[in-house]
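Commentary on secondary and tertiary structure
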Amino acid sequence: MEWNFAPVLGGMDLLLWGLLNTLKITGLALAFGVPLGLGLALMRLSTLRPVSMVSAFIIEFFRTTPPLVQLFWFFFAFPILFSINMTPFTAAIVTFSIQSSAFFAEIFRSGIQSIDHGQWEGSKAIGMNRNQSLRRVILPQAVKRMIPAFMERSIELLKTTTLVSTIAYTDLMYQANDLAQRTFRPLEVYSVVALIYFVLIFGFSQLSIMVERRLAKSGEGTVG
Amino acid sequence: MTELIRVEGLHKSFGTLDVLKGIDLQVNAGETMVLLGSSGSGKSTLLRCINFMETPTSGRVYLNGEAVGTAAGGKTRYKEADLCKLRTRIGMVFQHFNLFPHMTVLQNVMEGQLTVLGRDKSEAQEKSMSQLTRVGLADKAAEYPSRLSGGQKQRVAIARALAMDPDVMLFDEVTSALDPELVGEVLKTMRQLAEEGMTMICVTHELGFAYHVANRVLFLDQGAIHEEGEPQTLLRNPQTQRMKEFLEGHALFKLPE
């Protein structure tokens, strides 16, 4: 057996294009998923029982069903139900936004609940309403505690996006399959792709460690 | 004397537990009132019902003669916006400070003025610095609360409440979580406030503070006002057995004269 990277290097532009699409899907899913997750978390913490139950159902549903099933449902079933066209790109964004929002909701919820009840009391006593307390006092502290879980979930999301190759969206994984088949070099192609994911995710997690350290050092602790 | 706070027929129950069983009280402007009582007597709950940290089960609270909430069919309804407005006029200081750890001392004191009162930044800053000076902590303005001692934290909490220009201040066992050597500086700050004419209602176990600073002392037992009077008379000559026991419990380990 002999390693030959020449065909992979020749197809590098394809792989980079795929990488760009992978990042695009991940970034957009985060951009929609994080605010959606906050919304779901606030609904779940609501004292109105129906509101809280609806949110709990959505969260549990998307956390327990396999992401591949969700993706296929949005790509194949959803268009039939509402007679609209669904491109692989749209289906991917919709699926991963909602799917990750369910996980982010739980991160937000546990972050908010981890803040000492006295913080709500302190802000309430100076006349803040619930929204002001949340925005000015609770969330700034909760978000800081959420960073590790948030980073882990984002990495998980990045990995899950490889599923979009199954509905023919040209992400990194799809391009790799394509290249491997055309060059008959699966060994080199998939090795390089694994390496790209490794570098990307390892860099990402190093960055998150740095951010955590910076926050820990800044003196503005979250206990008081 | 002008009446500032009046409480009429206040009841509060948590589930089946009746914590307050019909409280009537009146606090005049400039008065310092101390609420005494053993734990579970309802004194903290009473204090928390005055600024609606807890919603009374029944009864009414009046601030400057104005009833809080609107009566509708035997029940009183409270709107969140009205209660928030009310709380800007009734300052509260807690046992555990509840400072915002992600903000500096100055930001803590400015926060309510900016977010709630809508004051502009320079006005809020000026006001905050003068209140921090008042409690003797102007030099700590740039620090985070985690760098302060318990006594300093509590004085910042007092400044934060004062910066809202409240009509009355509520103190809920504000020295109970402090090391004994730090209690004095907080009590001194409170005494100074009382002397400057601030209207105050204090739940405390510091009998010396009640004796020297309060105009009036209320002794609560099992959710009702048991005895009431001037501290010099009441603390020296309690009329009821229950209050005698309470005071004796406090005096058990006093230094010999």
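Computed from a prediction, not measured in an experiment: that's the story for all the values here.

The secondary structure content of chain A amounts to nine helices and zero strands. Beginning at the N terminus, the succession of helices and strands in chain A can be written as α-α-α-α-α-α-α-α-α. Summarising its shape, the C-alpha atoms of chain A cover approximately 70 × 50 × 20 Å along the three principal directions. In chain A, buried positions account for 42% of the 224 residues. For chain A, contacts bridging at least 24 residues in sequence account for 73% of all contacts bridging at least 6.

Once that is clear, we can look at the confidence of the model for chain B. Residue and element names in this part refer to chain B. Mean pLDDT for chain B: 94, with 100% of residues reaching 70 or above. Mean pLDDT values over the elements of chain B span from 86, in strand S6 (residues 70-72), up to 98, in strand S8 (residues 90-93). ipTM for the predicted complex: 0.93, alongside a pTM of 0.87.

Overall, the coordinates contain 14 aromatic pairs over all chains when judged by the stated rule. Geometrically, the ring pair formed by Phe72(A) and Phe76(A) is edge-to-face, given 5.4 Å between the ring centres and 85° between the ring planes. Here Phe76(A) and Phe72(A) lie together in helix H4 (residues 67-82), a separation of four residues that amounts to about one turn. Their ring planes at 55° and their centres at 5.9 Å tell us that Trp73(A) and Phe78(A) sit as a pair that is tilted. Clustering of aromatic rings is evident, with ring pairs tying together Trp73(A), Phe74(A), Phe78(A) and Phe82(A). Above the face of the Tyr62(B) ring, Arg6(B) is positioned so that its terminal group lies 4.3 Å from the ring centre.

A positive phi angle is found at Ser83(A), which is not glycine, with a value near 35°. Residue placement: Ser83(A) occurs in the loop between H4 and helix H5 (88-114).

All names here are of chain B. Burial of strand S11 (residues 216-221) is extensive: six of the six residues sit out of reach of the surface. Of the two faces of S11, the one lined by Arg216, Leu218 and Leu220 and the one lined by Val217, Phe219 and Asp221 are each fully buried. Taken together, the four bridges between strand S3 (residues 32-36) and S11 define a ladder with parallel strand orientation. Across the sheet, the residue bridging to Val34 is Val217, located in S11. For S11 and strand S12 (residues 224-229), the ladder comprises five bridges, and the chain directions are antiparallel.

What follows covers the pairing of strand S4 (residues 58-63) of chain B. Residues and elements named next belong to chain B. When strand S1 (residues 3-14) meets S4, the two strands line up antiparallel, connected through five bridges. Looking at the pairing, Ile5 lines up with Leu63 of S4. In this structure, S4 lies alongside strand S5 (residues 66-67), joined through two bridges in antiparallel fashion. Across the sheet, the residue bridging to Leu63 is Glu66, located in S5.

The next subject is the nonpolar core. In terms of nonpolar packing, the biggest core is built from 47 residues, with Leu132(B), Ile158(B), Met169(B), Phe171(B), Met190(B) and Met200(B) touching the most fellow members. Here the element with the most residues in this core is helix H6 (residues 180-195) of chain B; it accounts for seven residues. Contacts of Ile158(B), omitting those with residues within four sequence positions, involve Val93(B), Val135(B), Met169(B), Phe171(B), Val186(B), Thr189(B), Met190(B) and Leu193(B). Of all hydrophobic cores here, the second largest spans 39 residues; its members include Leu40(A), Ile115(A), Ile126(A) and Ile167(A).

With that out of the way, let us pick up the pattern of salt bridges. One side chain can pair with another of opposite charge once the charged atoms of both are near each other. Enumeration over the complete set of coordinates arrives at 23 salt bridges over all chains. When salt bridges that share partners are traced, they join Arg44(A), Glu60(A), Arg63(A), Glu106(A) and Arg109(A) into one network.

On to the state of the cysteines, then. Residue and element names in this part refer to chain B. Throughout the structure, instances matching the rule amount to zero disulfides over all chains. This cysteine, Cys49, is not joined by any disulfide, and Cys84 carries the nearest cysteine sulfur, 17 Å off. Residue class for Cys49 comes out buried when judged on its relative accessible area of 0%. With no disulfide of its own, Cys202 has Cys49 as its nearest cysteine by sulfur position, at a separation of 17 Å.

Our focus in this paragraph is the packing of helix H5 (residues 150-162) of chain B against H6(B). Residues and elements named next belong to chain B. With their axes 8 Å apart at the nearest point, H5 and H6 run at an angle of 20° to one another. The pairing of H5 with H6 is recorded here as roughly parallel in orientation. For the pair H5 and H6, contact is made by Gly150, Gly151, Gln152, Gln154, Arg155, Ile158 and Leu162 and by Leu182, Glu185, Val186, Thr189, Met190 and Leu193, respectively. The class makeup of the residues in the contact of H5 with H6 is six nonpolar, five polar and two charged.

Relative to the helices and strands, Glu111(B) resides in helix H3 (residues 105-115). Owing to a relative accessible area of 2%, Glu111(B) belongs among the buried residues under this scheme. A sequence separation of 75 residues divides Glu111(B) from Val186(B), and the C-alpha atoms of the two residues are 22 Å apart. Apart from residues no more than four positions distant in its own chain, Glu111(B) is found in contact with Met128(A), Arg136(A), Phe100(B), Met103(B) and Val116(B). A polar contact of 2.4 Å, which involves the side chain of Glu111(B), links it to the side chain of Thr115(B).

Moving on to the sheet that holds strand S9 (residues 168-172) of chain B. Where strands meet in a sheet, backbone hydrogen bonds hold them as pairs that are either parallel or antiparallel. Residue and element names in this part refer to chain B. Here six strands make up an open sheet; going across it, the order is S8-S9-S10-S3-S11-S12 and the pairing mixed. Both outer strands of the open sheet, S8 and S12, are each paired with one neighbouring strand and no more. Across the sheet, the mean angle from the axis of one strand to that of its neighbour is 20°, orientation sign disregarded. The pairing of S9 with strand S10 (residues 199-203) spans five bridges and is parallel.

What counts, and at which threshold
- Residues numbered from 1 in each chain as written.
- Chains lettered and ligands numbered in written order.
- Predicted model: local features only at pLDDT ≥ 70, side-chain atom pairs only at ≥ 80, totals over all residues.
- Heavy atoms only, no water.
- Helix = DSSP H or I, 4+ residues; strand = E, 2+ residues; numbered from the N terminus.
- Buried < 20%, exposed > 50% of the residue type's maximum accessible area, 1.4 Å probe, protein only.
- Contact = heavy atoms within 4.5 Å.
- pLDDT = per-residue confidence, 0-100.
- Phe/Tyr/Trp six-rings, centres within 6.5 Å; stacked < 30°, edge-to-face > 60°.
- Lys NZ or Arg CZ within 6 Å of the ring centre and 35° of its normal.
- Pairing = 2+ DSSP bridges.
- Core = buried A, V, L, I, M, F, W, Y, C linked by side-chain atoms within 4.5 Å.
- Salt bridge = Lys/Arg side-chain N within 4 Å of Asp/Glu carboxyl O.
- Disulfide = S-S within 2.5 Å.
- Axes fitted to C-alpha atoms, helices over the stretch in contact; angles between N-to-C directions.
- Parallel < 35°, antiparallel > 145°, perpendicular 65-115°, else oblique.
- Nonpolar A, V, L, I, M, F, W, Y, C, P; charged D, E, K, R; others polar.
- Polar contact = N/O pair within 3.5 Å; in protein donor to acceptor, adjacent residues only side chain to side chain.

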